[in-house]
Amino acid sequence: QVQLVESGGGSVQAGGSLRLSCAASGFTYSLNNDLSWFRQAPGKEREGVAAIDSETGGAFYADFVKGRFTISQDNAKKTVFLQMNSLKPEDTAMYYCAARIGTTSLPLAQYEYDFWGQGTQVTVSS
């Protein structure tokens, strides 16, 4: 059974940092998978933030987080991370981890993913 469990969310002031973690289980993490982070603020659509190829470590970022966020992984721990720096109030959202069995050419598209975590809340105050 595939399971994704996020952690690391919290409340910070603008300019601060958080590191989110997503622990994965139920599939072979390092083989031909894409893992990603999405976020959704109240009343807004879910949007892709960052994605990583579990085999190569290749990363993809939404324009609005480039230069501020970094996605990475620990293959041994089957965990993907999102280091979030220079946080802005507009980054406030529920952040979700998602997994796809097999890679995709659209790694930031919500509809490409089959499995989702429960989410972790990030709140950035001005």
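Residues numbered from 1 in each chain as written. Predicted model: local features only at pLDDT ≥ 70, side-chain atom pairs only at ≥ 80, totals over all residues. Heavy atoms only, no water.

## Overview of the overall build of the protein
No. 1: For the protein, the count of helices and strands is 0 helices and 11 strands.
No. 2: Buried positions account for 44% of the 126 residues belonging to the protein.
No. 3: Counting contacts in the protein only where the partners sit at least 6 residues apart, residues at least 24 apart contribute 58% of the total.
No. 4: Approximately 6,200 Å² of the protein is accessible, and the part contributed by carbon and sulfur atoms is 47%.
No. 5: Averaged over its 10 positive side-chain charges, the protein has a centre that lies 5 Å from the centre of its 12 negative ones. (Helix = DSSP H or I, 4+ residues; strand = E, 2+ residues; numbered from the N terminus. Buried < 20%, exposed > 50% of the residue type's maximum accessible area, 1.4 Å probe, protein only. Contact = heavy atoms within 4.5 Å. Areas by Shrake-Rupley, 256 points an atom, 1.4 Å probe, with all protein chains shown as cover. Lys, Arg positive; Asp, Glu negative; His and termini not counted. Charge placed at Lys NZ, Arg CZ, Asp CG, Glu CD.)

## With respect to the environment of lysine 78
No. 1: Among the secondary structure elements, lysine 78 is positioned in the loop between strand S7 (69-74) and strand S8 (79-84).
No. 2: Placed 14 residues apart in sequence, lysine 78 and threonine 92 show a C-alpha to C-alpha distance of 26 Å.
No. 3: Ignoring any residue separated from it by four or fewer positions in sequence, one finds lysine 78 in contact with Cys22, Ala23, Ala24, Phe27 and Tyr29.

## Let's talk about the environment of aspartate 63
No. 1: Along the chain, aspartate 63 turns up in the loop between strand S6 (59-61) and S7.
No. 2: Under the relative-accessibility criterion, aspartate 63 is labelled exposed at 65%.
No. 3: Taking the C-alpha atoms as reference, aspartate 63 lies 9.6 Å from alanine 50; in sequence the two are 13 residues apart.

## Structural notes on the state of the cysteines
No. 1: Within this structure, the stated rule accounts for 1 disulfide.
No. 2: Disulfide pairing places cysteine 22 opposite cysteine 97 at an S-S distance of 2.0 Å. In this structure the cystine formed by cysteine 22 and cysteine 97 twists about its S-S bond by roughly -80 degrees; its chirality is therefore left-handed. Taken together, the positions of cysteine 22 in strand S3 (residues 18-25) and cysteine 97 in strand S9 (residues 93-101) put the pair 75 residues apart, joining distant regions of the chain.
No. 3: The exposure class of cysteine 97 is buried, given its relative accessible area of 0%. (Disulfide = S-S within 2.5 Å.)

## Here's the deal with the sheet that holds S8
No. 1: The sheet built from 4 strands is open, its strands ordered S1-S3-S8-S7 with antiparallel pairing. Both edges of this open sheet fall to strand S1 (3-7) and S7, since each of them pairs with a single strand only. For this sheet the average axis-to-axis angle between neighbouring strands, irrespective of direction, equals 15 degrees.
No. 2: Sheet topology note: the S7/S8 ladder contains 6 bridges and is antiparallel. Among the inter-strand pairings, serine 72 is bridged to a residue of S8, identified as phenylalanine 81. (Pairing = 2+ DSSP bridges. Axes fitted to C-alpha atoms, helices over the stretch in contact; angles between N-to-C directions.)

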